[in-house]
Amino acid sequence: MSGLRQFFRQPLLHFMLLGALIFAAYGLVAPGSETEPEQPGEDIIVTQQQLDRLIEEYHATWQRPPGPEEKEALIDGYIREEILVREALRLGLDQGDTVIRRRLAQKMDFLATSAARSQQPAEQDLKDFYAANEAYYRRPGRIAFEQVFLGPAVDEELVDELRESLRTGANPERLGKRTLLPFRVRLSDKARIEGLLGEGAFERLEGLPRNGWQGPVKSGYGAHLVRVTEYQPPELLSFDTVREDVVTDWTQKRAQDIRADALEAMRQRYRVVLPEAER
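This report concerns the structure included in the present document. Bear in mind the structure is a predicted one, so any value in this text is a computation, not a measurement.

### Focus: the overall build of the protein chain
Scanning the protein chain from terminus to terminus reveals ten helices and six strands. For the protein chain, the proportion of its 279 residues judged to be buried stands at 24%. Carbon and sulfur atoms provide 54% of the accessible area of the protein chain, an area that totals close to 21400 Å².

Below you can see the structure in the form of structure tokens.
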């Protein structure tokens, strides 16, 4: 009798009994092997349009159409992605994800403005837009010039010497101090000239007489003798010249207006509640 009691006190027996109880409980709540399989849920339909898109993306990447096995792999990959996306949404994994929120907002933004890209503006609409935004189609003034670098500081004797050399027909490209600046600058607008010589250089050159050596003229590097060889004042380009630009600008402006109107319409569906401190 004492041996039987000792047998029932063995830890191994306790472990086996506990396992049997767990197995029995699982059998009561889990479906048996002969139970009918779970009914399928929502359909995953692969349309011809989706398949064509997959094939186009493959062709754009590999510069050839997919073979039969590769096409099957594309479909399997699409189905796998669709399953994972649906299950992630079912679990709410999209909630609170900044990247997903921004991507969804971008897609809604695109949907709200895609209509503008398909619209064909009337000719009068374009002309009205051009007239209302003439500043956009005004070509800035441009200057072409040559320069002889005098150095960081003005040396009056050097200036007089260079003037005399230029008057007697010396090659200006061989005069002055060495510099990495170009001797001759083609017709350029204010941005390019000031990127080359520093702020205010365009206005200084613009005020010089044409086709004669002038100066010294200051720049961000020092002083120069300058000859302005060509000057084109600011000019309003004709509608016919910039028509394609006007179409692009009109479409962008129309898209902005549609996006703003659509956002305002969607906003009306919500009541915005701010923290007390923000009111």
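### Here's the deal with the environment of Leu225
Counting through the fold element by element, Leu225 comes out in strand S5 (residues 223–232). Given the relative accessible area of 0%, Leu225 is considered buried. Taking C-alpha positions, Leu225 is 8.9 Å from Gly176, a pair spaced 49 residues apart along the chain. Excluding anything up to four places from it in sequence, Leu225 contacts Glu146, Gln147, Val148, Leu150, Val159, Leu162, Arg163, Leu166, Trp213, Gln214, Gly215 and Pro216.

### Here we look at the pattern of salt bridges
Using the criterion set out here, one finds eleven salt bridges in the structure. The partner of Glu87 in a salt bridge is Arg90, and the shortest N-O contact between them spans 3.1 Å. With a gap of three residues between them, Glu87 and Arg90 both fall in helix H4 (residues 68–90), about one helical turn apart. The salt bridge involving Glu146 is made with Arg184; its shortest N-O contact spans 3.1 Å. With Glu146 in strand S2 (residues 142–151) and Arg184 in strand S3 (residues 184–188), this pair connects stretches of sequence that are 38 residues apart. Among the ionic contacts, a cluster of salt bridges with common partners joins Glu146, Arg184 and Arg227.

### With respect to the packing of aromatic side chains
Aromatic rings considered in pairs are described by the distance between their centres and by the relative angle of their planes. Applying the stated criterion across every chain, the model contains four aromatic pairs. On the numbers, 6.3 Å between centres and 40° between planes, the contact of Tyr58 with Trp62 is tilted. Remark: Trp62 and Tyr58 occur in helix H3 (residues 48–62); sequence separation between them is four residues, near one turn of the helix. For Trp62, a relative accessible area of 55% gives the class exposed. Feature note: the residues Tyr130, Tyr136, Tyr137 and Phe239 constitute an aromatic cluster, connected by ring pairs.

### Some points on the pairing of S2
Burial analysis of S2 places nine of its ten residues in the buried class, which makes it a mostly covered element. As paired elements, S2 and S5 share nine bridges and run antiparallel to each other. Residue pairing across strands places Gly151 opposite Ala223, the latter belonging to S5. Across three bridges, S2 lies against S3 in antiparallel orientation. Across the sheet, Phe145 pairs through a bridge with Val185, a residue of S3.

### With respect to the pairing of strand S4 (residues 214–218)
In this sheet, S5 lies alongside S4 in antiparallel orientation, the contact comprising three bridges. Counted as the bridge partner of Lys218 is Ala223 from S5.

### Structural notes on the sheet that holds S3
Taking strand neighbours across the sheet as the criterion, the four strands line up as S3-S2-S5-S4 in an open arrangement whose pairing is antiparallel. Edge positions in the open sheet fall to S3 and S4, since each of these has one partner strand only. For this sheet the average axis-to-axis angle between neighbouring strands, irrespective of direction, equals 35°. Each of S2, S3 and S5 touches helix H8 (residues 190–197); the most contacted strand, S3, lies at about 150° to it.

### Focus: the side chain of Glu146
Given the relative accessible area of 7%, Glu146 is considered buried. There is a polar contact of 3.1 Å between the side chain of Glu146 and the side chain of Arg184. At 2.5 Å, the side chain of Glu146 forms a polar contact with the side chain of Arg227. What Glu146 contacts, discounting residues up to four positions off in sequence, is Phe183, Arg184, Trp213, Leu225, Val226, Arg227 and Thr229.

### Remarks on helix H7 (residues 156–167)
One full turn of an α-helix is made of 3.6 residues, so residues set three or four places apart face in the same direction. For H7, built from twelve residues, the straight-helix expectation of 16 Å at 1.5 Å per residue is met to within 8% by its first-to-last C-alpha distance of 16 Å. For H7, the complete set of buried residues consists of Leu158, Val159, Leu162, Ser165 and Leu166. Taken down its axis, H7 places every buried residue within 130° of arc, on the same side. Of the residues in H7, the exposed ones pointing more than 90 degrees away from the buried face are Glu156, Glu157, Glu161 and Arg167.

### Here's the deal with the packing of helix H6 (residues 123–132) against helix H10 (residues 243–267)
Where H6 contacts H10, the two axes come as close as 10 Å, and the packing angle between them is 90°. Classified by the angle their axes make, H6 and H10 are roughly perpendicular. On H10, the residues touching Glu123, Asp125, Leu126, Phe129 and Tyr130 of H6 are Arg243, Val246, Val247, Asp249, Trp250 and Lys253. Partitioned by chemical class, the residues of the contact of H6 with H10 number six nonpolar, no polar and five charged.

Reading guide: rules and limits
Residue indices follow the written sequence of each chain, beginning from 1 at its first position. At least 70 in pLDDT is required for a residue's local features to be given in this predicted model, at least 80 for side-chain atom pairs to be given and counted, and no such filter applies to totals for whole chains, interfaces and linings, which use all residues. In computing side-chain properties, one takes all heavy atoms of the structure into account and sets aside hydrogens as well as water. Each helix is a run of DSSP H or I of at least 4 residues and each strand a run of E of at least 2, with the numbering of both proceeding from the N terminus. Each residue's exposure class comes from its accessible area (1.4 Å probe, protein chains only) as a fraction of the maximum for that residue type: buried when under 20%, exposed when over 50%, partly exposed otherwise. Computed with the Shrake-Rupley method and a 1.4 Å probe, the accessible areas treat only the protein chains shown as cover for residues. Pairs of residues are marked as contacts when any of their non-hydrogen atoms sit within 4.5 Å. Definition used for salt bridges: Asp or Glu carboxyl oxygen within 4 Å of a side-chain nitrogen of Lys or Arg. Aromatic rings from Phe, Tyr and Trp, with only the six-membered ring used for Trp, were paired whenever their centres fell within 6.5 Å, and each pair was classed as stacked if the ring planes differed by under 30 degrees, edge-to-face if by over 60, and tilted otherwise. Strand pairing is assigned whenever DSSP detects at least two bridges linking the two strands. Axis angles are defined between N-to-C directions and span 0 to 180 degrees, where every axis is a line fitted to C-alpha atoms and, for a helix, only to the segment in contact. Two N or O atoms count as a polar contact when they lie within 3.5 Å, although within protein this holds only if one can serve as hydrogen donor and the other as acceptor, and sequence-adjacent residues are included solely when both atoms are side-chain atoms. One less than the number of residues in a helix, times 1.5 Å, gives the span that helix is expected to have. Here the arc refers to the directions that run from the helix axis out to each C-beta atom. Throughout, the term roughly parallel applies to angles under 35 degrees, roughly antiparallel to angles over 145, roughly perpendicular to angles from 65 to 115, and oblique to all others. Gly is put with the polar residues, along with every residue not named as nonpolar or charged; the nonpolar set is Ala, Val, Leu, Ile, Met, Phe, Trp, Tyr, Cys and Pro, and the charged set is Asp, Glu, Lys and Arg.

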